[in-house]
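Single-letter residue listing:
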Amino acid sequence: TDIDVIDPATGASIPLVGDGVGAAGTFATVVPFGTWHVEVEPPLVAGLVAQRLLDRVVAGTLNLPVSLVAGRRVTGTVTSVLGTPVPGVNVDARRQFDLTEVFTPGDHTNLLGVYQMIVPSDTYRLVFKPDLPYAPGDSFVVDNQIVTTDRVINLALPGASAVDDALLP
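Residues numbered from 1 in each chain as written. Predicted model: local features only at pLDDT ≥ 70, side-chain atom pairs only at ≥ 80, totals over all residues. Heavy atoms only, no water.

Draft legend 1. Geometry of the overall build of the chain. When helices and strands are counted, the chain shows one helix and eleven strands. What you see in the chain, going N to C, is helices and strands ordered as β-β-β-β-β-β-β-β-β-β-β-α. Residues counted as buried form 36% of the 169 residues belonging to the chain. Counting contacts in the chain only where the partners sit at least 6 residues apart, residues at least 24 apart contribute 55% of the total. Within the structure as shown, the chain displays about 9500 Å² of accessible surface, and the carbon and sulfur contribution to it stands at 58%. (Helix = DSSP H or I, 4+ residues; strand = E, 2+ residues; numbered from the N terminus. Buried < 20%, exposed > 50% of the residue type's maximum accessible area, 1.4 Å probe, protein only. Contact = heavy atoms within 4.5 Å. Areas by Shrake-Rupley, 256 points an atom, 1.4 Å probe, with all protein chains shown as cover.)

Draft legend 2. Geometry of the nonpolar core. Counting residues in hydrophobic clusters, the biggest one holds 19 residues, and the most contacted among them are Val74, Tyr115, Val119, Leu126 and Phe128. Going through the elements one at a time, strand 5 (72–80), strand 6 (90–95), strand 7 (114–119), strand 8 (122–129), strand 9 (140–147) and strand 11 (155–157) are the ones with two or more residues in this core. When residues no more than four places from it in sequence are discounted, the contact partners of Val119 are Val49, Gly71, Arg72, Val74, Ala93, Val102, Thr104, Tyr124 and Val147. (Core = buried A, V, L, I, M, F, W, Y, C linked by side-chain atoms within 4.5 Å.)

Draft legend 3. Molecular detail of the environment of Phe140. Its location among the elements puts Phe140 in strand 9. Considered as a pair, Phe140 and Val127 are 13 residues apart in the sequence and their alpha carbons are 5.7 Å apart.

Draft legend 4. Spatial organisation of the sheet that holds strand 9. With antiparallel pairing, the three strands of this open sheet are ordered in space as 6-8-9. On the outer flanks of this sheet lie strand 6 and strand 9, each paired with one strand and no other. The sheet shows a mean angle of 25° between the axes of neighbouring strands, direction not considered. Relative to strand 8, strand 6 runs antiparallel, the two being bridged by six bridges. By the bridge assignment, Asn90 is partnered in strand 8 with Lys129. (Pairing = 2+ DSSP bridges. Axes fitted to C-alpha atoms, helices over the stretch in contact; angles between N-to-C directions.)

Draft legend 5. Spatial organisation of the environment of Trp36. Summarising the element assignment, Trp36 is placed in strand 3 (residues 34–41). In this structure the C-alpha to C-alpha distance between Trp36 and Asp7, which are 29 residues apart in sequence, comes to 5.4 Å. Ignoring any residue separated from it by four or fewer positions in sequence, one finds Trp36 in contact with Val5, Ile6, Asp7, Pro8, Ile14, Val31, Leu53, Leu54, Asp55, Arg56 and Val58.

Draft legend 6. Geometry of the environment of Val5. Secondary-structure assignment places Val5 in strand 1 (residues 2–6). Taking the relative accessible area as the measure of exposure, Val5 reaches 4% and is therefore buried. Sequence separation of Val5 and Leu16 is eleven residues, and the distance between their C-alpha atoms is 7.8 Å. Aside from chain neighbours lying at most four places away, what touches Val5 is Ala12, Ser13, Ile14, Leu16, Val31, Trp36 and His37.

Draft legend 7. Seen up close, the sheet that holds strand 1. Taken in spatial order, the four strands line up as 2-1-3-4 in an open sheet, and their pairing is antiparallel. Here the strands that pair on one side only, and so sit at the sheet edges, are strand 2 (13–14) and strand 4 (51–58).

Draft legend 8. How the structure looks around unusual backbone geometry. With a phi close to 50°, Asp55 is a non-glycine residue in the positive phi region. Phi at Asn144 takes a positive value of approximately 55°, unusual for a residue other than glycine. Looking at the element boundaries, Asn144 is found in strand 9.

Draft legend 9. Representation of the packing of aromatic side chains in the model. Counted by the stated rule, this structure contains one aromatic pair. Judged by centre distance (5.8 Å) and plane angle (80°), the ring pair of Tyr115 and Phe128 falls under edge-to-face. Here Tyr115, found in strand 7, pairs with Phe128, found in strand 8; they are 13 residues apart in sequence, far enough to count as distant. There is no split in this pair, since Tyr115 and Phe128 are both buried. (Phe/Tyr/Trp six-rings, centres within 6.5 Å; stacked < 30°, edge-to-face > 60°.)

Printed below as a string of structure tokens:
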């Protein structure tokens, strides 16, 4: 498990020493006094849901208990309508009930168009936000995805022929 500390004002991550969790499930590190967001990111193979703890005040020694829960793996491939993989797509999982976003680190598609994330069992709206050549703000929504077991959810992006055209010699 990796621990990251984020400055809420700038979004910058602070480099930490000793931020990995040991076999006993503990860690110790030094953080400057202030208010921080703390991100707890277990490895994907663990099948545990990551957590983002907002606005944690550090004014001295701080014991920060965290319990990670088992989740469900959601993975898939994002392609153009012609089947070309689309890298760099940010995939956000939002609870369908209230549209709150679940913290899913590393939820961008790789060079093969593959994404993967761990989420708690629930019903989700998946929001796919591609990079160029799409217009800024373009996103594609897949609603009512019930995740009670591991799921594969693939998407062929409408209008993604620009991705195919960019690959032509």
